[in-house]
Amino acid sequence: MQKYKFSCPVVKSKLKDYKSINQKLLKFFESCEGETVDIGQGYRINDLEFPDSFSKLDWRHCNNYDREWVKYFLPLLESELTHMIYSMSYQGIKFRGIWFQQYKKHNTHGWHTHAENFTGVYYVQLDKKSPNTEIVDPFNNRKIRRMDVEEGDLIFFPSFFIHRAPPLLNDTQKTIVSFNFNVTKPIESSYKNFYHADYFTRIRKRLGWR
Ligand SMILES: [Fe+2]
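This structure is a prediction, so every number in the text was calculated from the model and none was measured.

**A word on unusual backbone geometry**
- Even without a glycine there, the phi angle at H106 is positive, about 80°.
- Relative to the helices and strands, H106 is located in the loop between strand 4 (90–103) and strand 5 (109–112).
- On the basis of neighbour counts, which here come to 17 C-beta atoms within 10 Å, the residue H106 falls in the partly exposed class.
- The backbone of E116 shows a phi angle near 75°, a positive value even though the residue is not glycine.

In structure tokens form, the structure reads like this:
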């Protein structure tokens, strides 16, 4: 088996006015419908896998775009994401689920993947002592990268990347918004300028493809 290495970034940006956005989101999350998932009994720090547990989440409603917090937050998110995917030569976003997750002491989200093209995380509440999102390098699964993120940061990465929220071991609360999305098409001017037929011909030759 051979693996051809292509670069694929985890893209990060920060929302403007994130402090007031986060305050509003936390108020929405406090009063809105959600559920607790607590199957974290008996977890051990040395376990490689932890049962998932959350203090509150609304994942079951992830495709309901009429939720109050989603109506408030989605336009802000879409505006920044449009800018971010443009930098990767894509345009058009189709959201495929959005939900929030809150963690308290001993809560965790074990190694998992998502569906669709990309998965995003927006950090609403993240204490400096909280362990950040970890992602497995798809080219070398012994390499695990802890993301350098803080409150107000928005990141996205291909949905097949294996990632997790490590167990929260202190008394802080962590809150994130998670979402999946597809990009609908590449930016024509980008591939006309940079990815024209000659470029692909050269790449194919270099890789020995016909
Ligand atoms: Fe995830």
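**Side note on the sheet that holds strand 10 (residues 163–165)**
- Here we have four strands laid out as an open sheet, ordered 5-10-7-8, and antiparallel in their pairing. Looking at strand neighbours, the two that pair on one side only are strand 5 and strand 8 (144–146), the edges of this open sheet. Direction aside, neighbouring strands of the sheet carry axes that sit 15° apart on average.

**Re helix 2 (residues 68–86)**
- When the terminal C-alpha atoms of helix 2 are compared, their 28 Å separation across 19 residues agrees well with the 27 Å that a helix rising 1.5 Å per residue should span.
- Most pronounced at L74, the bend in helix 2 amounts to some 35°, and the proline P75 follows within four residues.
- Residues of helix 2 that are buried: V70, F73, L77, L81 and I85.
- Next to the buried residues of helix 2 lie helix 1 (18–31), strand 4, strand 6 (118–125) and strand 11 (174–186).

**Looking at the nonpolar core**
- Counting residues in each nonpolar core, the largest one holds 30 residues, and the members touching the most others are F100, Y122, Y123, V124, I155, I176 and V177.
- Residue assignment for this core shows that the elements contributing at least two residues are helix 1, strand 3 (53–57), helix 2, strand 4, strand 6, strand 9 (153–158) and strand 11.
- With sequence-adjacent residues up to four places away left out, V124 is seen in contact with N22, L25, L26, E151, T175, I176 and V177.

Calculation notes
- Residues numbered from 1 in each chain as written.
- Predicted model: local features only at pLDDT ≥ 70, side-chain atom pairs only at ≥ 80, totals over all residues.
- Helix = DSSP H or I, 4+ residues; strand = E, 2+ residues; numbered from the N terminus.
- Buried ≥ 20, exposed ≤ 12 C-beta atoms within 10 Å, placed from the backbone.
- Pairing = 2+ DSSP bridges.
- Axes fitted to C-alpha atoms, helices over the stretch in contact; angles between N-to-C directions.
- Expected span 1.5 Å × (residues − 1).
- Bend = angle between axes of the 7 residues up to and from the residue.
- Contact = placed C-beta atoms within 7 Å.
- Core = buried A, V, L, I, M, F, W, Y, C linked by C-beta atoms within 7 Å.

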